[in-house]
Amino acid sequence: MSTMTLVQAIVRSCDLPVIAAGGIMDGNAIAAMMKLGATGVQLGTAFVLCPESAANAAYRAALKNHAAAGTEMTAAISGRPARCLSNAFCRYTRGIPREAIPDYPLAYSLGKDLAAAAAAQGEHGFGAQWAGQGAVLAREMAAAELVKILITEYHAAQ
């Protein structure tokens, strides 16, 4: 279900504050979520390319190339379903049934060890490269500058 559809469904079914998250990459998307009734928004992937992010060089490189156009849901990396860049780990684990994947945090610990071993061999596609569907829209700039731009875009879209 898209964030847009999910926000509308939740706003209609409860009186609690709704924080929209998922695929929100610019001020236009922030304004759209607020117009749908969200109380606030949370952006994650939008900040991965900021120098303040803890993302490693391989994750940043993957986000800046064609890999960012392909994201997928997987539980294999952490034991919980999450969206990430479609990488070697995703391809390798696609055929593993969900019930065969250990629960979090065991799967995540094993995944980090596998990613480290693979990186030591020069293969960086086994890391937890979390990314939303809007990954191709990520912008590389300081977080403070990105926040200023998001605010400007949001006001322009209202």
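Use the structure listed above.
Reading the values: rules and limits
Residues numbered from 1 in each chain as written. Predicted model: local features only at pLDDT ≥ 70, side-chain atom pairs only at ≥ 80, totals over all residues. Heavy atoms only, no water. Helix = DSSP H or I, 4+ residues; strand = E, 2+ residues; numbered from the N terminus. Buried < 20%, exposed > 50% of the residue type's maximum accessible area, 1.4 Å probe, protein only. Contact = heavy atoms within 4.5 Å. Areas by Shrake-Rupley, 256 points an atom, 1.4 Å probe, with all protein chains shown as cover. Lys, Arg positive; Asp, Glu negative; His and termini not counted. Charge placed at Lys NZ, Arg CZ, Asp CG, Glu CD. Salt bridge = Lys/Arg side-chain N within 4 Å of Asp/Glu carboxyl O. Polar contact = N/O pair within 3.5 Å; in protein donor to acceptor, adjacent residues only side chain to side chain.

Visitor: Residue-level account of the overall build of the protein chain, with values.
Guide: Helix and strand content of the protein chain: six helices and four strands. In sequence order, the secondary structure elements of the protein chain are arranged as α-β-α-β-α-β-β-α-α-α. With the principal axes as the frame, the protein chain shows a C-alpha extent of 50 × 35 × 25 Å. For the protein chain, buried positions account for 38% of its 158 residues. Pairs at least 24 residues apart make up 53% of the contacts formed inside the protein chain by residues separated by at least 6 positions. Here the protein chain displays about 9000 Å² of accessible surface, and carbon together with sulfur accounts for 58% of that area. The averaged location of the 11 negative side-chain charges in the protein chain is 2 Å from the averaged location of its 12 positive side-chain charges.

Visitor: Kindly report on the pattern of salt bridges, identifying the contributing residues and their values.
Guide: Inspection of every chain in the model, using the stated rule, returns three salt bridges. Here Glu140 and Lys64 are joined by a salt bridge, their closest N and O atoms 3.4 Å apart. Placement of Glu140 in the loop between α5 (106-120) and α6 (143-157) and of Lys64 in helix α3 (residues 57-64) is noted, with a sequence separation of 76 residues between them. Two residues, Glu153 and Arg139, come together in a salt bridge whose shortest N-O distance is 2.7 Å. Here Glu153 is found in helix α6, whereas its partner Arg139 is found in the loop between α5 and α6, with 14 residues between them in sequence. Judged by its relative accessible area of 22%, Arg139 falls in the partly exposed class.

Visitor: Describe the environment of Arg139, and please don't skip the residues or the numbers.
Guide: Put simply, Arg139 and Ile151 are twelve residues apart on the chain and 15 Å apart in space, counted from C-alpha to C-alpha. If near-sequence neighbours (up to four positions away) are discounted, Arg139 is found in contact with Met25, Asp26, Ala46, Leu49, Leu146, Ile149, Leu150 and Glu153. Separated by 3.2 Å, the side chain of Arg139 and the backbone oxygen of Met25 make a polar contact. Polar contacts involving the side chain of Arg139 include one to the side chain of Glu153, which spans 2.7 Å.

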